[in-house]
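Each chain, letter by letter, is given below.
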Amino acid sequence: MSDVAPPPCSFLAPPPAGVFSPHGPSLSLTCRPAAMLDEAVGLGAVTVLGVLEQAYFSLQVIYARRKYSVSPPCISGPPEFERIFRAQANCSEYFPIFITILWTSGVFFSQGLSSLCGLLYLYGRLCYFWGYAESAQGR
Amino acid sequence: MSDVAPPPCSFLAPPPAGVFSPHGPSLSLTCRPAAMLDEAVGLGAVTVLGVLEQAYFSLQVIYARRKYSVSPPCISGPPEFERIFRAQANCSEYFPIFITILWTSGVFFSQGLSSLCGLLYLYGRLCYFWGYAESAQGR
Amino acid sequence: MSDVAPPPCSFLAPPPAGVFSPHGPSLSLTCRPAAMLDEAVGLGAVTVLGVLEQAYFSLQVIYARRKYSVSPPCISGPPEFERIFRAQANCSEYFPIFITILWTSGVFFSQGLSSLCGLLYLYGRLCYFWGYAESAQGR
Ligand SMILES: N[C@@H](CCC(=O)N[C@@H](CS)C(=O)NCC(=O)O)C(=O)O
Ligand SMILES: N[C@@H](CCC(=O)N[C@@H](CS)C(=O)NCC(=O)O)C(=O)O
Ligand SMILES: N[C@@H](CCC(=O)N[C@@H](CS)C(=O)NCC(=O)O)C(=O)O
């Protein structure tokens, strides 16, 4: 985009700041919606990764339901099933909190740092899930 | 808005792009927050519909608790109750994932397509809930 | 910001509205992303408060698990534990709905009113949790 020469000032130029602003006169900053989205792309990517992780957890529960013949609406069964079921339930419970913190801190503070912490969290959750599925020790 | 003649270029006109931009010189695009919201109105409508659907599911659980006399904190009871309870729990589990996908795809890709898929998902969920409440066959 | 004198109109001034707009000619409004964030700061604050409340509820369940020796993946135990467990589960279930309503109404309607209702909701949830932990009467 930067190599397109901006047109000279014209009579169609944006109106002065303050005239249409409901917030009184202020220094008008031009903003670039596309760039704003570009800047949120890291948050978007971590979000998609988080959704995929949740999908993976759900699939594990579905496989466990088949393997241990625990058909819905039953939620109790052999300890192996219950651990996988609870691991997924626990991750689902924290998923909205994770998404909320990711975007709030990403938008108000730093997108890069948020995305990085988000990645670490998702990795931690994967370890939690596998650990819980193995044994409930230390949960 | 389009029939208001924009005022001529004035000394109060927005500063040149690049001067205040932390991202170096670039073609400045003027953006229109109100229009941006207008464009998200489809996503907002599907969101509201989704919330109403969740409210409906919760009400069904409350009615089922009364009908089958399963008072909180109990979560087990006759299969009819357990099916309704699990159907609502399952829908609640996927609700944050639904909202996340709806807005992420709506903002980064196409609002129209997202809203449409969102509507289909909500309809699918309704069928899922009714089907599950009837019988657990095929869940 | 308002005390910085805007530079005079220059040849680098933003291009006329309509030229790059995919939505045809329209009155271009300059927008201020920083100010837009300022305006969402109330919603952000209520969001953070909501997250902290959920963290508090989770901690209560962890303490109750220790106190009544109900180790994961078990979810049944003495009624005192089950009440705290269900109170947290119920609040977690409604948390994504709360966040969704808070931001949808805050962005499309009024930020102030949304934040206020959000605060009231969070206070109501705290009362609900304490009341439920005490006794299941009236849940
Ligand atoms: N929490 C779900 C996770 C997996 C899932 O979504 N399963 C589907 C297909 S087996 C379902 O309808 N589960 C019924 C239920 O959650 O009660 C479960 O326990 O099954
Ligand atoms: N998951 C809820 C859905 C409906 C609901 O929100 N019920 C209210 C009024 S009966 C409640 O406080 N439920 C207690 C609970 O979820 O343990 C339930 O099982 O009851
Ligand atoms: N719903 C959770 C809330 C508290 C929590 O997150 N507990 C951690 C540490 S005890 C956990 O891993 N819980 C296992 C589980 O939810 O099954 C619970 O029932 O424990």
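Residues numbered from 1 in each chain as written. Chains lettered and ligands numbered in written order. Predicted model: local features only at pLDDT ≥ 70, side-chain atom pairs only at ≥ 80, totals over all residues. Heavy atoms only, no water.

A word on the site of ligand 1
Part 1: Taken together, 14 residues form the shell around ligand 1, and within it A:R65, B:N90, B:Y94, B:Y128 and B:Y132 come nearest.
Part 2: More than one chain reaches ligand 1: the nearby residues come from chains A and B.
Part 3: A distance of 2.7 Å is found between an oxygen atom of ligand 1 and a side-chain nitrogen or oxygen belonging to A:R65.
Part 4: Within the side chain of B:Y128, an N or O atom sits 2.6 Å from an oxygen atom of ligand 1.
Part 5: Here ligand 1, which alone exposes 440 Å², has 92% of that area covered by the protein.
Part 6: At the level of elements, α2 (41–67) and α3 (79–108) of chain A together with α3 (79–108) and α4 (111–134) of chain B are the ones that each hand at least two residues to the shell around ligand 1.
Part 7: Grouping the constituent residues of the shell around ligand 1 by class yields seven nonpolar, three polar and four charged. (Near = heavy atom within 4 Å. Polar contact = N/O pair within 3.5 Å; in protein donor to acceptor, adjacent residues only side chain to side chain. Areas by Shrake-Rupley, 256 points an atom, 1.4 Å probe, with all protein chains shown as cover. Helix = DSSP H or I, 4+ residues; strand = E, 2+ residues; numbered from the N terminus. Nonpolar A, V, L, I, M, F, W, Y, C, P; charged D, E, K, R; others polar.)

Some remarks on the UniProt feature "transmembrane region" (unreviewed entry) in chain A
Part 1: If you check UniProt for "transmembrane region" (unreviewed entry), the listed places come out as residues 94–123 of chain A in our numbering.
Part 2: Across residues 94–123 of chain A, helical content stands at 93% and strand content at 0%; the span's end C-alpha atoms are separated by 14 Å. (UniProt positions renumbered as here; feature names shortened; annotations may be inferred.)

A short note on the side chain of C:E93
Part 1: With respect to the element layout, C:E93 can be found in helix α3 (residues 79–108).
Part 2: One buried charged residue, C:E93, forms no salt bridge at all, with the nearest opposite charge on C:R86 at 4.5 Å.
Part 3: The contact partners of C:E93, leaving out residues within four places of it in the chain, are B:S58, B:Q88, B:S92 and C:R86. (Buried < 20%, exposed > 50% of the residue type's maximum accessible area, 1.4 Å probe, protein only. Lys, Arg positive; Asp, Glu negative; His and termini not counted. Salt bridge = Lys/Arg side-chain N within 4 Å of Asp/Glu carboxyl O. Contact = heavy atoms within 4.5 Å.)

Observations concerning unusual backbone geometry
Part 1: Backbone torsion omega between A:P72 and A:P73 reads 5°, so that peptide bond is classified as cis.
Part 2: For A:P73, the location among the structural elements is in the loop between α2 and α3.
Part 3: In this model, B:S69 sits at a positive phi of 50°, which is unusual for a non-glycine residue.
Part 4: Summarising the element assignment, B:S69 is placed in the loop between α2 (41–67) and α3.
Part 5: With relative accessibility at 62%, the residue B:S69 sits in the exposed group.

What to know about a nonpolar patch on the surface
Part 1: A contiguous nonpolar surface patch, about 270 Å² in accessible area, is contributed by A:L59, A:I62 and A:Y63.
Part 2: With respect to the helices, strands and loops of the structure, A:I62 is situated in helix α2. (Patch = residues over 30% accessible without salt bridge, like charges linked within 9 Å, V, L, I, M, F, W, Y side chains within 5 Å.)

Topic: the site of ligand 2
Part 1: Taken together, 14 residues are adjacent to ligand 2, and B:R65, C:N90, C:Y94, C:Y128 and C:Y132 come closest.
Part 2: Those residues lying near ligand 2 are distributed over chains B and C.
Part 3: Within the side chain of B:R65, an N or O atom sits 2.7 Å from an oxygen atom of ligand 2.
Part 4: Within the side chain of C:N90, one N or O atom sits 2.6 Å away from an oxygen atom of ligand 2.
Part 5: Counted by class, the shell around ligand 2 contains seven nonpolar, three polar and four charged residues.

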